[in-house]
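Spelled out, the chains give:
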Amino acid sequence: MSATISSKTLGSEFVRKVKEISGQNLHLCYQCGLCSGNCPMVSSMDLPPRQVIELARLGLEEEITSSRTVWTCASCLACTVNCPRGFDLSKVMEAIRLLTLRKNVDHLRPEDISPQERCALPQLAMVGGLRKFSG
Amino acid sequence: MSLAYYPGCTLKTKAKNLEEPAIASMEVLGSRLEEIPRWNCCGAVYSLADDDLIHQVAPVRNLIRVKEQGKNEVVTLCSFCLNTLKRANLLMKEDAEKRGTLNSFMDEEIDYGGEVEVVHLLEVLKDQVGWEALAQKVKLPLRGLRVAPYYGCTLLRPREVAIDDVEKPTILQELLEAVGATPVDFPEFAECCGSYQIVSSPDDIPKYAWHILNSALTHGAEALVLTCPLCDYNLGQGQKELMKKHDGFDGVPLFYFTQLLALALGLGPQVCHFELNYGEPELLLREKNLLPRVEAL
Ligand code: SF4
Ligand code: SF4
Ligand code: SF4
Ligand code: SF4
């Protein structure tokens, strides 16, 4: 992966919004990688959780939004409770999802779910899934 | 004793086998779970965005319904409801600015400041009924039943809403012991089953489910006990496929904690609704001579 880091990416609107929506200080993270090691979804991710933070604070928006990682996060909070720096990565994942969803770009629409699945799924899965993946 | 009870949407539809044995068991234990009036879906997942207050309205409204009843505690059964209500409650208690905004936005409601305590039925059993008092009411000890407690995520995370020790919870083990079953510990007791990923990436779920189920079996369990209808679905619905894929895997029964409680209190299949469970629990209960015995009571 090659990407250009500049004062433009570092001071970008993207970095400002991720900080604002997540309420997290992105510089708190010291990249120990414990979150990636603890993440039960990591085998389905193309970008480990630790790298999401690094790319986010460098303002590399394109690299993050073209990855499926934030859409693979299950908000299980294994990262959050184990981070030695008290950093809440689950909130950064949510902020990045919202930056897409708030542009009216849905990751999942109700019509993407088959009628059979709609009948079978517990209500809380439908409510939770659509809350996380649609605007 | 009457307890204010928030059922949530899933218990009224897919998870009757979680709710009905809970209500019946509490009656045997001398408490009534009384549904709060005009409750609404809490939204299932707690909003993790700092600037998103609108999604706090649904859970907070439910807490206001409890306060209106003159109650200072609300009991939940679904792990997600517990988590969402408890986190929203904490926000109302601790964040004065957001509390102010939400209260003025919900102008038609009485003001709310986090006065209600959100608890899980497991906590009621432990702290209000007591394990010893519960054990004395047991008519059918679940002897010889080896069960792995699976906590999932939302009972234990984040730390500030956990119902037990985050690293080493024991509350489900204590319940199992009180009803005469044998708890089987396994390392994945709190590992996420994939949660709402079932809606968008259903093909990934069997991988997570297998990791959890196989570990419980390897550690000697014959069944798992859980508290969450989404855990139940994710660990249950793919078992037939997993049987084809993994030689020697014959499926594993999943129980809600309320079903094992009810069974031990002498309440039978009409209350427990084992027919709604995954992994053929009735076969296991027959094998252990528990079903014939509860039917003979
Ligand atoms: S978020 Fe925490 S656990 Fe993850 S790399 Fe940063 S410091 Fe380590
Ligand atoms: S919250 Fe998301 S990133 Fe964190 S451990 Fe869970 S799935 Fe992984
Ligand atoms: S969490 Fe649960 S089951 Fe619980 S009410 Fe809300 S969506 Fe429905
Ligand atoms: S284990 Fe699965 S559904 Fe259950 S609480 Fe976690 S994500 Fe959750």
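Here the structure is a predicted model, which means the values were calculated and not measured.

Undergrad: Quick rundown of the overall build of chain A? Include the residues and the values.
TA: Tallying secondary structure elements over chain A gives 10 helices and zero strands in all. The order of helices and strands in chain A, counted from the N terminus, is α-α-α-α-α-α-α-α-α-α. Radius of gyration (C-alpha) of chain A: 16 Å, near the 14 Å computed for a compact globule of 135 residues. For the C-alpha atoms alone, the extent of chain A along its principal axes is close to 50 × 30 × 30 Å. Counting contacts in chain A only where the partners sit at least 6 residues apart, residues at least 24 apart contribute 66% of the total. When the accessible surface of chain A is summed, it comes to about 6200 Å², and 52% of that surface belongs to carbon and sulfur atoms.

Undergrad: Give a description of the packing of aromatic side chains that names residues and reports values.
TA: What the rule picks out here adds up to six aromatic pairs over all chains. Judged by centre distance (6.0 Å) and plane angle (55°), the rings of W71(A) and F133(A) are tilted. Within this pair, whereas W71(A) is found in helix α6 (residues 69-72), its partner F133(A) is found in helix α10 (residues 123-133), the two being separated by 62 residues in sequence. In terms of burial, W71(A) and F133(A) fall into one category: buried. Summarising the aromatic geometry, the rings of F255(B) and F274(B) are spaced 6.0 Å apart at their centres and angled 85° between planes, so their arrangement reads as edge-to-face. With F255(B) in strand β8 (residues 254-256) and F274(B) in the loop between α13 (269-272) and α14 (281-287), this pair connects stretches of sequence that are 19 residues apart. Accessibility assignment for this pair places F255(B) and F274(B) in one class, buried. Three or more aromatic residues joined by ring pairs make a cluster, and in this case those are W71(A), F133(A) and Y196(B).

Undergrad: Report on the side chain of D232(B), specifying residues and quantitative values.
TA: Residue and element names in this part refer to chain B. Checked against the element boundaries, D232 lands in helix α10 (residues 229-236). Comment: no salt bridge for buried D232; closest opposite-charge side chain is K14, at 10 Å. Looking at D232, its side chain comes within polar contact range of the side chain of Y256, at 3.4 Å. Setting aside residues up to four positions removed in sequence, D232 forms contacts with L226, Q237, L254, Y256 and Y278.

About the thresholds
- Throughout this document, residue positions are counted from 1 along each chain, in the order its sequence is written.
- Both sets of labels track the order of writing: A upward for chains, 1 upward for ligands.
- Residue-level local features of this predicted model are given only where pLDDT is at least 70; pairs of side-chain atoms are given and counted only at 80 or more, and the full residue set underlies all totals for whole chains, interfaces and linings.
- In computing side-chain values, all of the structure's heavy atoms are included and hydrogens and water are not.
- Elements are defined by DSSP. Helices are runs of H or I of four residues or more, strands are runs of E of two residues or more, and each kind is numbered from the N terminus.
- We take the radius of gyration over the C-alpha atoms and set the globule estimate at 2.2 Å times the residue count to the 0.38 power.
- Only heavy atoms matter for contacts: two residues are in contact if any of them lie within 4.5 Å across the pair.
- Methods summary: accessible areas were calculated by the Shrake-Rupley approach with a probe of 1.4 Å, and residue burial reflects only the protein chains presented.
- Two rings from Phe, Tyr or Trp (for Trp, the six-membered ring) form a pair when their centres sit within 6.5 Å of each other. Planes less than 30 degrees apart are called stacked, planes more than 60 degrees apart edge-to-face, and all others tilted.
- Relative accessibility under 20% of the residue-type maximum defines a buried residue, over 50% an exposed one, and the middle range a partly exposed one, all with a 1.4 Å probe and only protein chains included.
- His residues and chain termini do not enter the charge count, which takes Lys and Arg as positive and Asp and Glu as negative.
- What counts as a salt bridge is simple: a side-chain nitrogen of Lys or Arg found within 4 Å of a carboxyl oxygen of Asp or Glu.
- We call two N or O atoms a polar contact when they sit within 3.5 Å, provided that within protein one can donate a hydrogen and the other can accept it, with sequence-adjacent residues counted only if both atoms are side-chain atoms.

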